[in-house]
Amino acid sequence: MTRPRRVGSPQGLRERKKAVTRTAIADAAFELVRDRGVDAVTIEEIADRAMVSPRTFSNYFGSKEAAVLHAGHVEPEALLAGFDDRPTEEPPLVALDATLRVTIRALTPEQTGAIRATEELVERDPALLPFRMAQFDRFEAVVRRAVARRLGVEDAEAAYPRLVAGAAVSAIRTALRQWMLDEHGDAASLASLVEQYLVELSAGLPPEAASAAGHG
């Protein structure tokens, strides 16, 4: 039997130290690339700024671009916290809207500032765009699995979970782009935009289509 992990245990301490190291590397990468551009920064320089070895850098990130975009990144699982607990009668997009309305509004000014800074950096340095898209792809995969779980669809790769997740993430990306146009936008205004776009989508994706589309 696996022994429950205790707070303050060696394993817990190791995980916290890893998280601190990962954050230090990401912050160093972001600062250097923000100031000089991604092509003018090396992994060795990032490692030196974070006070780790290049080998340690490679243990945490596969590229300098991935490290840059990890700075201030909010994990998809954190944004979807509470989704599985929504009332079962809610269609997936309604449940997703209700969940994100809470989690996005709970973002701190520091977190929304990091999101804005990341979007500005990607806009300025197109070399980062494929890595930013990979983050959205991962978000979509997490949403897809959550939708399949909610509907009892065994195959998360089935058409309906893919359709819902793809449409939802597209709406969220659109909301983010609109939010960026307002330099004073905060967590509440971002949540409102996400809500608006998900509500506009929800009528066109009834959950009853899951059984048919899932076998398509």
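Residues numbered from 1 in each chain as written. Predicted model: local features only at pLDDT ≥ 70, side-chain atom pairs only at ≥ 80, totals over all residues. Heavy atoms only, no water.

1. A few points about the confidence of the model for the protein chain
Averaged over all residues, the pLDDT of the protein chain is 89; the fraction at 70 or higher stands at 88%. Counting contacts from residues 1-9, a segment whose pLDDT is below 50, to residues more than four positions away or on other chains yields 5 contacts. Segment residues 212-216: pLDDT under 50, and 5 contacts once partners within four positions in sequence are set aside and those in other chains are kept. (pLDDT = per-residue confidence, 0-100. Contact = heavy atoms within 4.5 Å.)

2. Section: the packing of helix 9 (residues 159-180) against helix 10 (residues 187-202)
In contact at an axis separation of 9 Å, helix 9 and helix 10 are set at 140° when each is read in the N-to-C sense. Relative to helix 10, helix 9 is oriented oblique. The crossing of helix 9 and helix 10 is right-handed. In this structure, helix 9 contributes Ala167, Ala168, Ala171, Ile172, Thr174, Ala175, Leu176, Gln178 and Trp179 to the contact, and helix 10 contributes Ser189, Leu190, Leu193, Val194, Tyr197, Leu198 and Leu201. Classifying every residue of the contact of helix 9 with helix 10 by side-chain character gives 13 nonpolar, 3 polar and no charged. (Axes fitted to C-alpha atoms, helices over the stretch in contact; angles between N-to-C directions. Helix = DSSP H or I, 4+ residues; strand = E, 2+ residues; numbered from the N terminus. Parallel < 35°, antiparallel > 145°, perpendicular 65-115°, else oblique. Left-handed = near helix turned anticlockwise from the far one by under 90°. Nonpolar A, V, L, I, M, F, W, Y, C, P; charged D, E, K, R; others polar.)

3. Overview of the nonpolar core
Within the largest apolar cluster, 34 residues are counted, with the highest numbers of intra-cluster contacts made by Leu80, Leu96, Leu100, Ile104, Val143, Val194 and Leu198. Only helix 6 (92-105), helix 8 (129-151), helix 9 and helix 10 provide two or more residues apiece to this core. Ranked by the residues each element gives to this core, the list is headed by helix 9, at 10 residues. Excluding anything up to four places from it in sequence, Val143 contacts Leu80, Leu96, Ala165 and Val169. With 21 residues, the next largest nonpolar core counts Ala29, Phe30, Phe57 and Tyr60 among its residues. (Core = buried A, V, L, I, M, F, W, Y, C linked by side-chain atoms within 4.5 Å. Buried < 20%, exposed > 50% of the residue type's maximum accessible area, 1.4 Å probe, protein only.)

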